[in-house]
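As a plain string of letters, each chain reads:
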Amino acid sequence: MKRKAIVTGITGQDGAYLSKFLLEKGYEVYGVVRRSSHFGVADHRLRWLGINNDINVIDGNLSDLSSLIRAVAQVKPDEVYNLAAQSFVASSWQQPVLTANITAVGVANMLEAVRIAAPEARFYQASSSEMFGKIQEAAQSETTPFYPRSPYAVAKLYGHWITVNYRESFNMHASSGILFNHESPLRGIEFVTRKVTDAVARIKLGLAMELKLGNIDAKRDWGHAKDYVVAMWMMLQQDQADDYVIATGRTTTVRDMCRIAFTHVGLTMDDYLSIDPNLFRPAEVDILLGNPEKARKTLGWEPSTTLEEMITEMVDADLARLTAK
Ligand code: G4F
């Protein structure tokens, strides 16, 4: 019998890479997708990976408990990966209530659906390094206290603790992956790495003249999404559910990440980059640096892609995309 997995957020970057990985492992993959009049546009990442016809799509919404119960009851999954969220930090100040409804309460809904309709299923919650916010330790691990700095991070914190609570209250196999920033050519254009690589490709091709960014002194621990989805799966293969930090252990400024992209195409960053004060956030997470020791020791997980390799892959993909257009 094939193992079955439900993935929420399947049309996002992580959902697409995770689905490809699970399909290669022989799983039947079911994607909970919220109804939209243009799913043909929303599944572009699945098409890019060539797996759009291999996914079973189920209508459902994280804010609608009955739709989730129906989905879980219908599939009877072995594993559930809860990746869906309002995941853009900057938007969470504009839409704090929607962010809370989906990114926080949505997790409780999904956990309830699993508890009611398939309590033996293993559950993965996509937690975030944004929960560390105003950092309380130089390198953040599973035991570092949290200090969220955005409505998004506050919502993620609820999702994290409700997952821990369901594990402890109902003995569910529920794990939380505290993932640091992870990127790829499938990253949404609103996030800084992809905004940079797309702009660098446009400038190189003569389609744009400048790149405007906000706080380029912010530091992030960036890894490759393809590596990080493997860690999600590894967590659910353990006998005991637990929480894990997934990171590279290296932190870099937005400025230096940006320089890597410009240098790759033979351009000088300072000729094109300007600072737009409107892009600064009401409260910033100045620096994130993960300590992935526990994942290394317990899961045997290691990142396999350097920041330089990832950014150059993203620039090349954007050059190819724009050239094809
Ligand atoms: O790429 P970002 O928007 O990612 P951020 O806010 O760190 O959040 C991402 O990673 C989290 C994991 O830690 C996820 F939970 C979350 O869902 C998301 O995937 O911004 C990175 C940094 C920030 O400090 C931001 O202020 O880049 C800075 N930045 C500077 N100029 C910019 C820009 N960010 C964006 N998006 N756009 C800019 O123009």
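Please read these numbers as outputs of a predicted model, since none were measured by experiment.

Cut-offs applied
Residues numbered from 1 in each chain as written. Predicted model: local features only at pLDDT ≥ 70, side-chain atom pairs only at ≥ 80, totals over all residues. Heavy atoms only, no water. 1 Å grid on protein atoms, 1.4 Å probe; cavity = no way out; pocket = protein on both sides within 12 Å on 5 of 7 lines; lining within 4 Å. Points joined across faces, edges and corners; volume = space filled by probe spheres on them. Domains from an automatic or database assignment. Contact = heavy atoms within 4.5 Å. Buried area = accessible area lost by both parts, 1.4 Å probe. Salt bridge = Lys/Arg side-chain N within 4 Å of Asp/Glu carboxyl O. Polar contact = N/O pair within 3.5 Å; in protein donor to acceptor, adjacent residues only side chain to side chain. Helix = DSSP H or I, 4+ residues; strand = E, 2+ residues; numbered from the N terminus. Nonpolar A, V, L, I, M, F, W, Y, C, P; charged D, E, K, R; others polar. Phe/Tyr/Trp six-rings, centres within 6.5 Å; stacked < 30°, edge-to-face > 60°. Buried < 20%, exposed > 50% of the residue type's maximum accessible area, 1.4 Å probe, protein only. Axes fitted to C-alpha atoms, helices over the stretch in contact; angles between N-to-C directions. Parallel < 35°, antiparallel > 145°, perpendicular 65-115°, else oblique. Left-handed = near helix turned anticlockwise from the far one by under 90°.

**Concerning empty space enclosed by the protein**
Turning to step 1, where the next piece is worked out: Summed over the entire model, instances satisfying the criterion amount to one cavity of 30 Å³ or more.
Turning to step 2, where the next piece is worked out: In this structure, the largest cavity spans a volume of roughly 30 Å³.
Turning to step 3, where the next piece is worked out: Around the largest cavity sit R220, D221, W222, T248, R250, T252 and L307, which together line it.

**A short note on the domain arrangement of the protein**
The accessible area lost on association of the parts is a frequent measure of interface size.
Turning to step 1, where the next piece is worked out: Domain parsing of the protein yields domain 1 (4-182 + 222-246) and domain 2 (188-220 + 251-288 + 297-324).
Turning to step 2, where the next piece is worked out: On the side of domain 2, 28 residues touch domain 1, which itself brings 27 residues to the contact.
Turning to step 3, where the next piece is worked out: Of the roughly 2,500 Å² buried between domain 1 and domain 2 on both sides combined, carbon and sulfur atoms contribute 65%.
Turning to step 4, where the next piece is worked out: Inspection of the region where domain 1 meets domain 2 yields one salt bridge.
Turning to step 5, where the next piece is worked out: Between R220 and E130 there is a salt bridge; the shortest N-O distance is 3.6 Å.
Turning to step 6, where the next piece is worked out: At the surface where domain 1 touches domain 2, the tally comes to five residue pairs in polar contact (both at pLDDT 80 or more).
Turning to step 7, where the next piece is worked out: Elements supplying a minimum of two residues to the side of domain 1 that touches domain 2: α3 (44-48), β10 (223-224), α8 (225-236) and β11 (243-246).
Turning to step 8, where the next piece is worked out: The dominant element in the side of domain 1 that touches domain 2, judged by the number of residues it contributes, is α8, at five residues.
Turning to step 9, where the next piece is worked out: Looking at the side of domain 1 that touches domain 2 residue by residue, the class counts come to 15 nonpolar, eight polar and four charged.

**Considerations on the packing of aromatic side chains**
Turning to step 1, where the next piece is worked out: What the rule picks out here adds up to nine aromatic pairs.
Turning to step 2, where the next piece is worked out: Here the aromatic rings of Y166 and F170 are separated by 4.9 Å at their centres, their planes lie at 75°, and the arrangement is edge-to-face. Separated by four residues within a single helix, Y166 and F170 lie in helix α6 (residues 151-170), roughly one turn from each other.
Turning to step 3, where the next piece is worked out: Given the relative accessible area of 9%, Y166 is considered buried.
Turning to step 4, where the next piece is worked out: Overall, F170 belongs to the partly exposed group, its relative accessible area being 39%.
Turning to step 5, where the next piece is worked out: Ring plane angle 85° and centroid distance 5.4 Å describe the contact between Y228 and W301, whose orientation is recorded as edge-to-face. Pair noted here: Y228 is in helix α8 and W301 is in the loop between α10 (293-299) and α11 (307-324), with a separation of 73 residues, a long-range link.

**Some points on the packing of helix α4 (residues 65-75) against helix α5 (residues 96-117)**
Turning to step 1, where the next piece is worked out: The geometry of α4 relative to α5 is characterised by a closest axis approach of 8 Å and an angle of 40° between their N-to-C directions. Our classification of the angle between α4 and α5 gives oblique. As for how α4 packs across α5, the hand of that crossing is right-handed. Across the interface between the two elements, L65, L68, I69, V72 and A73 from α4 touch N109, M110, E112, A113, V114, I116 and A117 from α5.
Turning to step 2, where the next piece is worked out: Split by residue class, the contact of α4 with α5 holds ten nonpolar, one polar and one charged.

**Description of the layout of surface pockets**
Turning to step 1, where the next piece is worked out: A volume near 300 Å³ is recorded for the second largest pocket.
Turning to step 2, where the next piece is worked out: Along its surface, the second largest pocket is lined by 17 residues, and H44, P185, R194, D318 and R321 are the ones closest to its centre.
Turning to step 3, where the next piece is worked out: Secondary structure elements with two or more residues in the lining of the second largest pocket: α3, α7 (192-204) and α11.
Turning to step 4, where the next piece is worked out: The leading source of residues in the lining of the second largest pocket is α3, at four residues.

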